[in-house]
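Notes for the structure review
Each chain, letter by letter, is given below.
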Amino acid sequence: MFSWNRRLARYVKAGQHEKTIELYQEMQQKGMSPDNFTFVPVLNACASLRALEAGRKGHEEIIQSGCEADVFVGNSLVDMYSKCGSMEDACKVFNNMPSRDVVTWNAMILGHVKCGQGQKALELFHQMQQKGMLSRNVVTWNTMILGYVKCGQGSKALELFQQMQQEGLPSRDVVSWNVMIFGHVKYGQGQKALELFRQMQEEGVQPTPLTVVGVLNACASVVSLEEGRRAHDWVIKSGWDSNVFVVNSLIDMYAKCGSLEDALKVFNKMPSRDVVTWNAMIVGYAIHGHGKEALKQFEQMREEGVQPDDTTFVCLLSACSHSGLVDEGLCFYSSMSTVYMISANSQHYTCMVDLLGRAGHLHEAENMVLAMPYKPQVAAWMALLGACRIHGNVEMGERAAKQVLELEPENAAGYVLLSNLYTATGNRDLSENIEWQRKERSVKKHPGCTWIEVDNEVHTFVVDDQHHPQMIEIHAELKRLSGLMHDAGYVPDTNFVLHDVEEEEKVFNLCHHSEKLAIAFGLINSAPGTPLCIRKNLRVCRDCHTSTKFISKVVGRAIMVRDANCFHHFQDGECSCRDYW
């Protein structure tokens, strides 16, 4: 048995999980009786393979052999069941164990976290505290920080993270920092994630490739190209520029920071590329409105023998949608199942609804939603509602809005899109009624917010902002720009401004949208001819889009805007989206 157990342990340590199970079966066929040292590697193999039925069979044999009370076997059972997604079985084993150690509790907490059962994980964590088992166990603390992040309780995660500095508690390791960095990125706090990375370096904690991926994701989220370039330099110095996982994130970062040129340079230098690499380049072209280039990338990908996955087709359909390539999108959608044997998921359906709807094929778009083999998610109905707003179809828009508000009654976007649809079609009373309903139900709109980085400092602006220290100069610049734009033929689009105010006030309101404030700030704080780059949390409105085209022309600046949907590159009075967004 000693020899058999050594071989089993060797196989599982080398990651040869199928061979581990085969050897175990061979051992049984030769009449050997397994012991507790046998079951641990076998259960670890089942956990790695997510082989739940094989794990359950092993559990039965454990009971028959009388090894169930062994704490190491019990820990392996808990770990196996939780990794296979069966927390009910894991709980049964946990509750029946005569003795438990820290490993047992960690396995249960991590299992609940990974299965999305954050509250149960928190309850176990508190039980561990009551039993005095936490002390310096960094794994448990890291697991709970992850649990809080996954539950959306960022403040609680930060509280635990900061507590780890106290005497008698575990010191923060690189995993602690990685979880916090990724957590801040996940909840839209990319700038805070970058601050944490700098603090991590100051405290002498050595980053890992995963840390760098988190930092690159943070740079992408806040469109900080210079910070991303510094991270790229750090990647090269650390020798991680051959790590595919890291390099894929570099491509994604450059594309989302507006530099397709840099993304392509990194892409072309890669000795080997996986499907994630190609997807990153395809979606990069897509969000910049270069649909045909995205399709060329796909053809090159096929020529190099890389098999596309479901994400590839989300990227392709998105590229077709942004560029109005309806026929191409329909072909890709058809080939998914007929050529590549990939079943359409909710993202594919939503992309198709968006593609058809934007192009004015509203009835086909609605039929696509109704033909889904499962209940449509809110994103599909929102895509249809957005298309109805663009093309002024009130009846269909009302049907789509009804579904949106039933699925997500607290989502203000449904109210806003329907209100805008009514306003655009001259139904002012209905528009005001929808706004009244939203306020009556205490549904809050997300205010328009725009960020611009000047001299390595990020400045934030909201609509009608009065708090920035340079607001007097910004207003003066807006007035100057207004005169230049008027002389160049600009006419404010006041269609979506509430009609119960005077025309002059409507124009004033439009002049104080957050992106216009950010652009004016950028112009007065940078040298003539310097390109401006701003980021907005919402889709750019029609008037801001038109006015930014005029500004780029009258001041001779290139202005790049990343809104909630895509990039807009403004230069000489034109936009890269060709007014199709």
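Remember, predicted model here, so these are calculated numbers, not experimental data.

1. Quick word on the overall build of the protein
Of regular secondary structure, the protein possesses 30 helices and six strands. A total of 581 residues make up the protein; the buried ones form 49% of that total. For the protein, long-range pairs separated by at least 24 residues make up 62% of all intrachain contacts whose partners lie at least 6 apart in sequence. For the protein, the exposed area adds up to about 27,800 Å²; of that, 51% sits on carbon and sulfur atoms.

2. Observations concerning the packing of helix H24 (residues 394-407) against helix H25 (residues 412-424)
Running from N to C, H24 and H25 cross one another at 165°; their axes reach a closest spacing of 10 Å. Considering their axes alone, H24 and H25 lie roughly antiparallel with respect to each other. By crossing handedness, the relation of H24 to H25 is classed as left-handed. Residues Val394, Gly397, Glu398, Ala401, Val404 and Leu405 of H24 touch H25, and the partners they reach there are Gly414, Tyr415, Leu418, Leu421 and Tyr422. Here the contact of H24 with H25 is built from residues that sort into eight nonpolar, two polar and one charged.

3. Focus: empty space enclosed by the protein
Enumeration over the complete set of coordinates arrives at two cavities of 30 Å³ or more. As for the second largest cavity, its lining consists of Ala286, His288, Gly289, His322, Cys566, Phe567, Cys577, Tyr580 and Trp581. Grouping the amino acids of the lining of the second largest cavity by side-chain chemistry returns six nonpolar, three polar and no charged.

4. Notes on the layout of surface pockets
Here the second largest pocket defines a volume of roughly 720 Å³. Glu453, Thr530, Pro531, Leu532 and Cys533 are, among the 32 residues lining the second largest pocket, the residues nearest its centre. Listed by contribution, the elements that provide at least two residues to the lining of the second largest pocket are helix H14 (225-238), strand S1 (449-454), strand S3 (532-536), strand S4 (559-562) and strand S5 (567-571). The residue inventory of the lining of the second largest pocket, partitioned by class, reads 16 nonpolar, 10 polar and six charged.

5. Observations regarding the packing of aromatic side chains
Across all of its chains, the model carries 15 aromatic pairs by this definition. Each ring, one from Phe298 and one from Phe332, has its centre 5.4 Å from the other, and the planes form 85°; the classification is edge-to-face. Of this pair, Phe298 sits in helix H18 (residues 291-303) while Phe332 sits in helix H20 (residues 326-338), and the two are 34 residues apart along the sequence. Of the two residues, Phe298 and Phe332, both sit in the buried class. Relative to Tyr349, the ring of Tyr333 has its centre 6.2 Å away and its plane inclined at 65°; by these criteria the two rings are edge-to-face.

6. What about the pairing of S5?
Each regular strand carries side chains that alternate between the two faces of the sheet. Inspection of the sheet shows S4 paired to S5 by four bridges, in the antiparallel sense. In the strand pairing of S5, Arg562 is matched with Phe567. In textbook terms, the turn of a hairpin is the stretch between consecutive antiparallel strands, and for S4 and S5 this stretch comprises four residues. Bridge count for S5 against strand S6 (residues 574-575) is two bridges, and the pairing is antiparallel. Bridge assignment links Gln571 to a residue of S6, and that residue is Glu574. What sits between S5 and S6 in their antiparallel hairpin is a turn of two residues, with Asp572 showing a positive phi close to 55°.

7. Topic: the UniProt feature "repeat: PPR" (unreviewed entry) in the protein
As annotated by UniProt and renumbered to match this structure, "repeat: PPR" (unreviewed entry) occupies residues 1-34, 70-100, 101-135, 137-171, 173-207, 243-273 and 274-308. Helix makes up 74% of residues 1-34 and strand 0%. Its end C-alpha atoms lie 7 Å apart. Between the C-alpha atoms that bound residues 274-308 the distance is 10 Å, and the span itself is 74% helix and 0% strand.

8. Quick look at the packing of helix H7 (residues 102-114) against helix H9 (residues 138-150)
For the pair H7 and H9, interaxial distance at closest approach is 10 Å and the crossing angle is 15°. Here H9 runs roughly parallel to H7, going by the angle between their axes. By crossing handedness, the relation of H7 to H9 is classed as left-handed. Contact with H7, carried on its side by Val102, Asn106, Ile109, Leu110, Val113 and Lys114, involves Val139, Thr140, Thr143, Met144, Leu146, Gly147 and Lys150 of H9 and no other residues of that element. Classifying every residue of the contact of H7 with H9 by side-chain character gives seven nonpolar, four polar and two charged.

9. Details of helix H23 (residues 378-391)
Taking 1.5 Å per residue as the helical rise, H23 with its 14 residues ought to reach 20 Å, and the 20 Å between its terminal C-alpha atoms agrees with that figure. With 11 of 14 residues buried, H23 is to be regarded as a mostly interior element. Within the span of H23, buried status applies to Val378, Ala380, Trp381, Met382, Ala383, Leu384, Leu385, Gly386, Ala387, Cys388 and Arg389. The inward-facing, buried residues of H23 abut helix H21 (346-358), helix H22 (362-370), H24 and H25.

Scoring rules and cut-offs
- Residues numbered from 1 in each chain as written.
- Predicted model: local features only at pLDDT ≥ 70, side-chain atom pairs only at ≥ 80, totals over all residues.
- Heavy atoms only, no water.
- Helix = DSSP H or I, 4+ residues; strand = E, 2+ residues; numbered from the N terminus.
- Buried < 20%, exposed > 50% of the residue type's maximum accessible area, 1.4 Å probe, protein only.
- Contact = heavy atoms within 4.5 Å.
- Areas by Shrake-Rupley, 256 points an atom, 1.4 Å probe, with all protein chains shown as cover.
- Axes fitted to C-alpha atoms, helices over the stretch in contact; angles between N-to-C directions.
- Parallel < 35°, antiparallel > 145°, perpendicular 65-115°, else oblique.
- Left-handed = near helix turned anticlockwise from the far one by under 90°.
- Nonpolar A, V, L, I, M, F, W, Y, C, P; charged D, E, K, R; others polar.
- 1 Å grid on protein atoms, 1.4 Å probe; cavity = no way out; pocket = protein on both sides within 12 Å on 5 of 7 lines; lining within 4 Å.
- Points joined across faces, edges and corners; volume = space filled by probe spheres on them.
- Phe/Tyr/Trp six-rings, centres within 6.5 Å; stacked < 30°, edge-to-face > 60°.
- Pairing = 2+ DSSP bridges.
- UniProt positions renumbered as here; feature names shortened; annotations may be inferred.
- Expected span 1.5 Å × (residues − 1).

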